[in-house]
Amino acid sequence: MTQDAKTINITLKVWRQKGPGVKGKLETYQVNNISTHMSFLEMLDVVNEDLAVNGKEPIEFDNDCREGICGMCGAVVNGAAHGPGKGMTLCQLHMRKFQNGDTIVVEPWRARAFPIVKDLIVDRSALDRIIQAGGYVSINAGGAPDGNAVPIPQEIAEKAMDAAACIGCGACVAACPNASAMLFVSAKVSQLALLPQGKPEAAKRALTMLRQMDDCGFGNCSNERECEAVCPKEISITNIARLNREYLKAGFFSEFK
Amino acid sequence: MQLDGKVPGGPLEAKWDRHRFELKLVNPANKRKFNIIVVGTGLAGGSASATLAELGYNVQTFCIQDSPRRAHSIAAQGGINASKNYPNDGDSIRRLFYDTVKGGDFRAREGNIYRLAQVSENIIDQCVAQGVPFAREYGGQLANRSFGGAQVSRTFYARGQTGQQLLLGAYSSLSRQIAVGKVKMYTRREMQELVLVNGQARGIVVRNLINGELESYAADAVVLATGGYGNVFYLSTNAASCNVGAAFKAYRKGAFFANPCYTQIHPTCIPQSGHFQSKLTLMSESLRNDGRVWVPKNKGDKRKPNEIPESERNYYLEIKYPSFGNLVPRDVASRNAKEQCDAGYGVGETGYAVYLDFADAIRRDGKDVIQKKYGNLFDMYANISGDDPYQTPMMIYPASHYAMGGLWVDYNLMSTIPGLFILGEANFSDHGANRLGASALMQGLADGYFILPYTIGGYIAGTSLPRLNTDHAAFKEAAADVKANVERLMSIKGNRTADDLHRELGEIMWNYCGMGRNEEGLSKAVTLIRNLRDEFWQNLLVPGSDQDYNLSLQKAGRVADFLEFGELLAVDALARKESCGSHFNEAYQTEEGEALRDDENFCHVSAWEYKGFGNEPEFHKEPLVFENVKLTQRSYK
């Protein structure tokens, strides 16, 4: 904030769509006097306030924590999921990344498994269903051994944490030409396969989560690496390699089919 | 009416054990005959839903977001306390208990806090078993760090994303129960009404946020885990959808609201940068372990921080509180920052910021060590502010963060409405007048994993619960009321949006009910809030329709509740004629400017009973009895 704030004028082209079965289109809005200290979503707030006061329907978009951790927000901005910032969510993107006179195109995540709800809002419940298929350790509350009973090497804990950082925003799916959720699945499979607590169910987990991913209508991975490039938590595709190993191992050697 | 917290008798250490033994049990085969509604899927609601389902109850769980994984617990950064004493530095259940009682400025129940400290250890074990990747030492043992308000290292953490990892742990357990059909999960639903039948909580009415339809759900008990009311200040560290709605609806139906004036203003947030600001981002308190707080010694010093020599810097926390230094509790740190800025020593464009400087830590430990500890926080700061905190000190200022107050509950976490249980931040029970860092996660999970699952069984086993469904007249009436309210909001067609009115409410609350309060200001706030409420009901503008997704309508409903709740907060603050913890009434302070309690007259919980729209609520008291700690003037010097 030691940099001086300046204001810019931009042209917004935003995807507007009434509902799931309705045809949508890009609408254009001229937006003036935007402080570069604003976040991208605050800029949309300003546009929405203006639309509302002028009797028009505001642009609906999902958002909640506005600090990059809840995973609720997301849109494709100028062709990039979460916009031009690296390692950040849409809510963390600030207007200082844009120049006066820029045209900014804003579209929802597009994937067969993410039907559009309204405007920029999509239904990502498929990601929840994938977790329900096996993204957990089967342990009930009570009866857990002492937290230090099983030592976990620091580098393993760190790797698990790298994977566990996934916020489930769906940017990886939006960026993938196959609309694959492999990065998402691999993050959870990796976290739990790395940790001793997750090992007993590792084989079953890899199989059931991937099966569910297919059933939800996500595509497969073809190593485009687009997911890794847009991931706000910079989750590496080495996790996908680990998932593939877990999957193969499970397919060949596990009792569970 | 004098309220009874129903804390069991006997020695402190044995209360919970004794209570668990005395609680009636529901036979395992019978649990499947009972339905429980849980509203909210944060640490408290998520863990409670999963655990109740594991026990065999049928659970219906509701959340406002598109997925139960997004509740705002996810944003907690620093850590979770537990009295494990792994570092061998003298921690114990009793010390965690004592620190929490003292940190809360002796305004919470001994029995509840001791229980919290007891189960803190189980929480860590449970989370490790779920695969929560806590930070580890090289030998593979769990790592600990210190946190504000404590002189031992008892905070467990997963980088700066502890809340996220614990929440994902609870969410994974919840997901497992959803998969086996024991939890029916309803997302994008907002609770609009609590339904009582024969005085018992038996269901809720929710609005489906996708299509606007009102849906009714019946159960044998209702659990609210709907978080705090920090957004009454408009600008806060809370997420956009955090609101007081569910709690306030319960309050209107007869649940008492306790200590609403206890609101925590967190000392380390990124300062506001303009009118458009929609939220304030918290920088974890853990930064105070290595960052040094200072302001220039000269008023209005506009030099860049690096150009101000050591001799012209005032490290006011280290000087004023030599034993705790930068690690004083949050209320103390916040108040001191305000004091410096009000006196003209503040920095930054607005003059409402102080420095948090890592230069010494980087010199001492090297950039790598600091990066490892706080890398994501530094990146977050750089991204929001455009400044690099490795090169120049961070600027921070306090912001509304956490609500210690909440719906009143007894030792069983049951409100004054039978069958209505309140968990986590939504209840008032454990933090007194100020919450210590890393204790919110502990409380949320304690309530959900290890307390409610026992106590709700005691209620169900000991209560006559006639079968009923949503055909009951009480559900029809509740749904009709909700429908009328939605139509009323839609029909005003004025020219101010809910956001605009909320922002104005926030300014009133921050100016008159914030870190420093006085009677004149609080009375003025009451008048201003009432006027704003009139303005709201005459001039609200809700665009769009109530038949599809309409965030403006959702916000309008929430702001309507905040406009009533804000007054309750001010009324409570007016009634508490003392200073304690986060509630600082300028008329009651020591010569050194510290909060001055009045234990003779105010050693109690204030619980308010709703008496109708626009009417003064009725005051009830729960005296606080301290048998194990001596009430002292809190000192962090």
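Residues numbered from 1 in each chain as written. Chains lettered and ligands numbered in written order. Predicted model: local features only at pLDDT ≥ 70, side-chain atom pairs only at ≥ 80, totals over all residues. Heavy atoms only, no water.

### Examining the interface of chain B and chain A
And step 1. Taken together, the 79 residues of chain B in the interface contact 72 residues of chain A.
And step 2. In this assembly, chain B packs against chain A so that about 6,500 Å² is buried in total across both faces, 50% of it on carbon and sulfur atoms.
And step 3. Run the count over chain B and chain A and you get eight salt bridges.
And step 4. The tally of links between chain B and chain A comes to 41 residue pairs in polar contact (both at pLDDT 80 or more).
And step 5. For the side of chain B that touches chain A, the secondary structure elements donating two or more residues are helix 3 (43–55), helix 5 (110–130), helix 6 (162–179), helix 11 (367–385), helix 12 (440–461), helix 14 (498–513) and helix 16 (551–575) of chain B.
And step 6. For the side of chain B that touches chain A, the leading source of residues is helix 6 of chain B, giving ten residues.
And step 7. Looking at the side of chain B that touches chain A residue by residue, the classes come out as 30 nonpolar, 31 polar and 18 charged. (Contact = heavy atoms within 4.5 Å. Buried area = accessible area lost by both parts, 1.4 Å probe. Salt bridge = Lys/Arg side-chain N within 4 Å of Asp/Glu carboxyl O. Polar contact = N/O pair within 3.5 Å; in protein donor to acceptor, adjacent residues only side chain to side chain. Helix = DSSP H or I, 4+ residues; strand = E, 2+ residues; numbered from the N terminus. Nonpolar A, V, L, I, M, F, W, Y, C, P; charged D, E, K, R; others polar.)

### Side note on helix 16 of chain B
And step 1. Taking 1.5 Å per residue, 25 residues should reach 36 Å; helix 16 of chain B reaches 36 Å between its end C-alpha atoms and fits that length.
And step 2. For helix 16 of chain B, the capping residue at the N-terminal end is N550(B), with a side-chain oxygen 3.1 Å from the backbone nitrogen of S552(B). (Expected span 1.5 Å × (residues − 1).)

### Observations concerning the domain arrangement of chain A
Residues and elements named next belong to chain A.
And step 1. Looking at chain A, the domain boundaries give domain 1 (7–107) and domain 2 (125–253).
And step 2. A separation of 30 Å is found between the C-alpha centroids of domain 1 and domain 2.
And step 3. Listed as interface residues are twelve residues of domain 1 and, on the opposing side, ten residues of domain 2.
And step 4. Buried area between domain 1 and domain 2, both sides added, is near 800 Å², and the carbon and sulfur share of it is 56%.
And step 5. Seen at the junction of domain 1 and domain 2, the total is one salt bridge.
And step 6. The shortest N-O distance in the salt bridge between K86 and E234 comes to 3.3 Å.
And step 7. Counting every contact that joins domain 1 to domain 2 gives two residue pairs in polar contact (both at pLDDT 80 or more). (Domains from an automatic or database assignment.)

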